[in-house]
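An overview of the molecular structure
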Amino acid sequence: MLRLTTERPALDFELDGKACSLPLSLLASEMADMVAIVGSGAEADAPSFVGWFLDFAAAYVGDQIRGLGDDGLTALMGAWTEARAKAGEPDMGES
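Cut-off values and rules
- Residues numbered from 1 in each chain as written.
- Predicted model: local features only at pLDDT ≥ 70, side-chain atom pairs only at ≥ 80, totals over all residues.
- Heavy atoms only, no water.
- Pairing = 2+ DSSP bridges.
- Helix = DSSP H or I, 4+ residues; strand = E, 2+ residues; numbered from the N terminus.
- Buried < 20%, exposed > 50% of the residue type's maximum accessible area, 1.4 Å probe, protein only.
- Axes fitted to C-alpha atoms, helices over the stretch in contact; angles between N-to-C directions.
- Parallel < 35°, antiparallel > 145°, perpendicular 65-115°, else oblique.
- Left-handed = near helix turned anticlockwise from the far one by under 90°.
- Contact = heavy atoms within 4.5 Å.
- Nonpolar A, V, L, I, M, F, W, Y, C, P; charged D, E, K, R; others polar.
- Core = buried A, V, L, I, M, F, W, Y, C linked by side-chain atoms within 4.5 Å.
- Phe/Tyr/Trp six-rings, centres within 6.5 Å; stacked < 30°, edge-to-face > 60°.

**Some details on the pairing of strand E2 (residues 18–23)**
Where a strand is regular, its side chains alternate between the two sheet faces. In this structure, strand E1 (residues 10–15) lies alongside E2, joined through six bridges in antiparallel fashion. Residue pairing for E2: Leu15 is matched across the bridge by Lys18. Hairpin connection of E1 to E2: two residues between the antiparallel strands, including Asp16 at a positive phi of 50°.

If you want it as structure tokens, here you go:
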């Protein structure tokens, strides 16, 4: 029997002293948005991924995520991508 759940694994982190959680798996609408904005495979555009990621993260943790410097944003994106791989999530060309 196939058993499904709407619970999604997440990356837990702290931002400005606030506990935050960012899902590792994407909803179908999030995947569609990413492909529409970023592209896929060889056509994937890294700068566009940054914009998509900020919008994705802001939806879960709030707009203060947009205040991260490039070092913090790079660290978060790297941790999220690594955690996705460890959780067995598919590579969507985000790395």
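**A short note on unusual backbone geometry**
Phi is mostly negative for residues that are not glycine, and the peptide bonds are mostly trans. The residue Asp16 is not glycine, and still its phi comes out positive at about 50°. Among the structural elements, Asp16 can be located in the loop between E1 and E2. You can call Asp16 exposed: its relative accessible area is 71%.

**As for the packing of helix H1 (residues 28–38) against helix H2 (residues 46–61)**
Relative orientation of the contacting elements H1 and H2 amounts to 155°, with a least axis distance of 9 Å. Judged on the interaxial angle alone, H2 and H1 are roughly antiparallel. Between H1 and H2 lies a crossing whose hand is right-handed. Across the interface between the two elements, Glu30, Asp33, Met34, Ile37 and Val38 of H1 pack against Ser48, Phe49, Trp52, Phe56 and Tyr60 of H2. Residues of the contact of H1 with H2, tallied by class, amount to seven nonpolar, one polar and two charged.

**Regarding the nonpolar core**
Counting 23 residues, the largest nonpolar core has Phe13, Phe49, Trp52, Phe53, Ile65 and Trp80 as its most contacted members. Elements that contribute at least two residues to this core include exactly E1, E2, H1, H2 and helix H3 (70–86). Among the elements that take part in this core, H2 stands out by supplying eight residues, more than any other.

**Structural notes on the packing of H2 against H3**
Put simply, H2 and H3 touch, their axes get as near as 12 Å, and they point 80° apart. Judged by the angle between their axes, H2 and H3 are roughly perpendicular. Contacts from Phe49, Val50, Trp52, Phe53, Leu54 and Phe56 of H2 reach H3 at Leu73, Leu76, Met77 and Trp80.

**Comments concerning the packing of aromatic side chains**
Tallied over the entire structure, the rule returns eight aromatic pairs. When the ring of Phe49 is compared with that of Phe53, the centres are 6.0 Å apart and the planes differ by 40°; the resulting orientation is tilted. Residue Phe49 and its partner Phe53 are located together in helix H2, separated by four residues, close to a single helical turn. The burial state of Phe49 is the same as that of Phe53; both residues are buried. Here Trp52 and Trp80 contribute two aromatic rings whose centre-to-centre distance is 6.2 Å and whose plane-to-plane angle is 50°, an arrangement assigned as tilted. With Trp52 in helix H2 and Trp80 in helix H3, this residue pair connects regions lying 28 residues apart in the sequence. The exposure classification of Trp52 matches that of Trp80, with both residues buried. Three or more aromatic residues joined by ring pairs form one cluster here, namely Phe49, Trp52, Phe53, Phe56, Tyr60 and Trp80.

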